[in-house]
Amino acid sequence: MATFLTYLLIIVVLSIAAAFKLSTNEKERWELFLGAFCGIASLFAIVEVISFTVDCLAMFLFDFKPTSSIHVLLIAFWFYCLFIVLNHIFKRNK
């Protein structure tokens, strides 16, 4: 859970920094924040999937660690949150 919250904090801070650095007005700032949030969250999700794949390989080759199951649940929850945000953005833009 600490990893998830740390990633969330880092993503929000990076998104805010990108939005304030690149925008000129308030509406553009909000759109840039959402875009940066989705982009950075996608990158973090990809990194987590690669990390999980390596963990699974190590788990099957060397030793079973039951704590990795919570890691799977957090990755699934992360993708679910990303899907909800992207779905909301695409519905709003139509």
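The rules behind these values
Residues numbered from 1 in each chain as written. Predicted model: local features only at pLDDT ≥ 70, side-chain atom pairs only at ≥ 80, totals over all residues. Heavy atoms only, no water. Helix = DSSP H or I, 4+ residues; strand = E, 2+ residues; numbered from the N terminus. Buried < 20%, exposed > 50% of the residue type's maximum accessible area, 1.4 Å probe, protein only. Contact = heavy atoms within 4.5 Å. Areas by Shrake-Rupley, 256 points an atom, 1.4 Å probe, with all protein chains shown as cover. 1 Å grid on protein atoms, 1.4 Å probe; cavity = no way out; pocket = protein on both sides within 12 Å on 5 of 7 lines; lining within 4 Å. Points joined across faces, edges and corners; volume = space filled by probe spheres on them. Expected span 1.5 Å × (residues − 1). Polar contact = N/O pair within 3.5 Å; in protein donor to acceptor, adjacent residues only side chain to side chain. Axes fitted to C-alpha atoms, helices over the stretch in contact; angles between N-to-C directions. Left-handed = near helix turned anticlockwise from the far one by under 90°. Nonpolar A, V, L, I, M, F, W, Y, C, P; charged D, E, K, R; others polar. Phe/Tyr/Trp six-rings, centres within 6.5 Å; stacked < 30°, edge-to-face > 60°.

Participant: Looking at this structure, how should I read the overall build of the chain?
Facilitator: Across its full length, the chain holds three helices and zero strands. For the chain, the α and β elements follow one another from N to C terminus as α-α-α. Within the chain, buried positions represent 24% of all 94 residues. Long-range contacts, defined as pairs at least 24 residues apart, comprise 62% of the intrachain contacts of the chain with a sequence gap of at least 6. Total accessible area on the chain stands at roughly 6900 Å², and carbon and sulfur atoms take up 76% of it.

Participant: Even after reading the chapter, I still don't get the layout of surface pockets, so can you show me in this structure?
Facilitator: Where empty space is left becomes clear once a probe the size of a water molecule has been rolled over the atoms. The calculated volume of the largest pocket comes to roughly 150 Å³. Elements represented by at least two residues in the lining of the largest pocket include exactly α1 (2-22), α2 (26-61) and α3 (68-93). Here the lining of the largest pocket takes five residues from α3, the largest share from any one element.

Participant: What is the right way to read α2 from this model?
Facilitator: Since the α-helix turns once every 3.6 residues, residues separated by three or four places project in the same direction. For α2, with 36 residues, the first-to-last C-alpha span of 52 Å sits near the 52 Å given by 1.5 Å per residue. With a side-chain oxygen lying 2.9 Å from the backbone nitrogen of E28, the N-terminal cap of α2 falls on N25.

Participant: Got a minute to help me understand the packing of α1 against α2 in this structure?
Facilitator: Helix-helix packing is characterised by the crossing angle of the two axes and by the distance between the axes. Direction vectors running N to C along α1 and α2 enclose 145°, while the axes themselves pass 8 Å from each other. α1 and α2 meet at a crossing whose hand is right-handed. Considered class by class, the residues forming the contact of α1 with α2 number 18 nonpolar, two polar and three charged.

Participant: Quick question: what am I supposed to make of the packing of aromatic side chains here?
Facilitator: The geometry of an aromatic ring pair is captured by the separation of the ring centres together with the interplanar angle, meaning the angle of the planes. Scanning the entire structure with this criterion turns up three aromatic pairs. Taken together, the ring pairs in this structure connect W30, F33 and F37 into an aromatic cluster.

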